[in-house]
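# Structural characterization, general
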Amino acid sequence: MTVTLEVAAGVGTLRLDRPPMNALDVATQDRLKELAEEATRREDVRAVVIYGGERVFAAGADIKEMQAMDHTAMVLRARALQDSFTAVARIPKPVVAAVTGYALGGGCELALCADFRIAAENAKLGQPEILLGLIPGAGGTQRLSRLVGPSKAKDLIFTGRQVKADEALAIGLVDRVVPAAEVYEQAHAWAAKLAHGPAIALRAAKESIDTGLETDIDTGLAVERNWFAGLFATEDRERGMRSFVEEGPGKAKFL
């Protein structure tokens, strides 16, 4: 399998495994969608890590496969391509990308689907599609601009240049830079901490933020308001408030 889902202690690791560069061919895209939807459904998965291994996250699409496609073929495929990445972005649980080595093209777009990105010191990220006479097609023009702002997104997409980890951190493309040997460990620790949090409240927070970024503020406030009120019907809210009153802040156990 080119993508696997391994679950331990509430954390599901979506592992890309298509040597040597984890090129995201059609089969890998479809498998990614299948496992993202599985991670969404499974109650034992409370947070997710996306990982490509010690050497590379994903160097992009399978160019040889794409070269063989004509316009008609890509018209038929483009929606499925986007849907596979959207399935990752819509996992209603905390998702962190553990980025080692190259995260280019589709690899960068996959990292953009996560809520948090931890990168190795040797990581290189970018959207080089323009160098092929193309633009990003798996969400890059939309998610990158929302994350780093339109000007920086246009710089990366117009030029196709790669950015090293330090610049990626400076522009907000990644959230933390660590030694390469520590990337997965730190990503798993981030996910494990949230896996022990209040699952429904975390889902509410993620949906409220993501919906708000895609719509006007009044609609975003309505989503927040409905989730906020709805959480008063959950056991986690009762447990959290009771613990705060009886023990002080930050001591509630949600599992």
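Description of the structure in this document. (Residues numbered from 1 in each chain as written. Predicted model: local features only at pLDDT ≥ 70, side-chain atom pairs only at ≥ 80, totals over all residues. Heavy atoms only, no water.)

It is worth spelling out the layout of surface pockets at this point. By volume, the largest pocket amounts to about 1100 Å³. Lining of the largest pocket is provided by 37 residues; of these, A89, C113, R143, D210 and E214 occupy positions nearest its centre. Of all the secondary structure elements, the ones that give two or more residues to the lining of the largest pocket are α3 (71-89), α5 (140-148), α8 (183-195) and α9 (199-213). Per element, the largest residue contribution to the lining of the largest pocket is nine residues, and it comes from α9. Taken together, the residues of the lining of the largest pocket break down into 16 nonpolar, eight polar and 13 charged. By volume, the second largest pocket amounts to about 580 Å³. If you trace the second largest pocket, you find 30 residues lining it, with A61, M66, E129, L134 and G137 closest to the centre. Those elements that provide at least two residues to the lining of the second largest pocket are α1 (26-41), α2 (63-67), α3 and α4 (106-112). The greatest single-element share of the lining of the second largest pocket, amounting to six residues, is contributed by α3. Per-class residue counts for the lining of the second largest pocket are 19 nonpolar, six polar and five charged. (1 Å grid on protein atoms, 1.4 Å probe; cavity = no way out; pocket = protein on both sides within 12 Å on 5 of 7 lines; lining within 4 Å. Points joined across faces, edges and corners; volume = space filled by probe spheres on them. Helix = DSSP H or I, 4+ residues; strand = E, 2+ residues; numbered from the N terminus. Nonpolar A, V, L, I, M, F, W, Y, C, P; charged D, E, K, R; others polar.)

On to the packing of α5 against helix α6 (residues 150-159). Put simply, α5 and α6 touch, their axes get as near as 7 Å, and they point 135 degrees apart. Judged by the angle between their axes, α5 and α6 are oblique. As α5 packs across α6, the resulting crossing turns out to be right-handed. Residue-level inspection shows G140, T141, L144, S145 and V148 of α5 in contact with α6, the latter providing P150, K152, A153, L156 and I157. (Axes fitted to C-alpha atoms, helices over the stretch in contact; angles between N-to-C directions. Parallel < 35°, antiparallel > 145°, perpendicular 65-115°, else oblique. Left-handed = near helix turned anticlockwise from the far one by under 90°. Contact = heavy atoms within 4.5 Å.)

Before going further, it helps to spend a moment on the sheet that holds strand β3 (residues 47-51). As summarised here, the arrangement of the six strands in space is β1-β2-β3-β4-β6-β9, forming an open sheet in which the pairing is mixed. Sheet topology places β1 (3-8) and β9 (176-178) at the edges, where each strand pairs with a single neighbour. Averaged over all pairs of adjacent strands, the angle between strand axes in this sheet comes to 20 degrees, irrespective of strand direction. Bridge count for strand β6 (residues 116-120) against β9 is three bridges, and the pairing is parallel. Bridge pairing links I118 to R176 in β9. (Pairing = 2+ DSSP bridges.)

Here R117 lies in strand β6. From its side chain, R117 meets the backbone oxygen of L173 in a polar contact 3.0 Å long. In this view, R117 contacts A97, A111, L112, L147, L173, V174, D175 and R176; residues no more than four positions away in its chain are not counted. (Polar contact = N/O pair within 3.5 Å; in protein donor to acceptor, adjacent residues only side chain to side chain.)

A cis geometry characterises the amide bond from P19 onward to P20, with omega recorded as 5 degrees. You can see P20 is positioned in the loop between β2 (11-16) and α1. For A9, which is not glycine, the phi dihedral falls at a positive 55 degrees. Relative to the elements of secondary structure, A9 occurs in the loop between β1 and β2.

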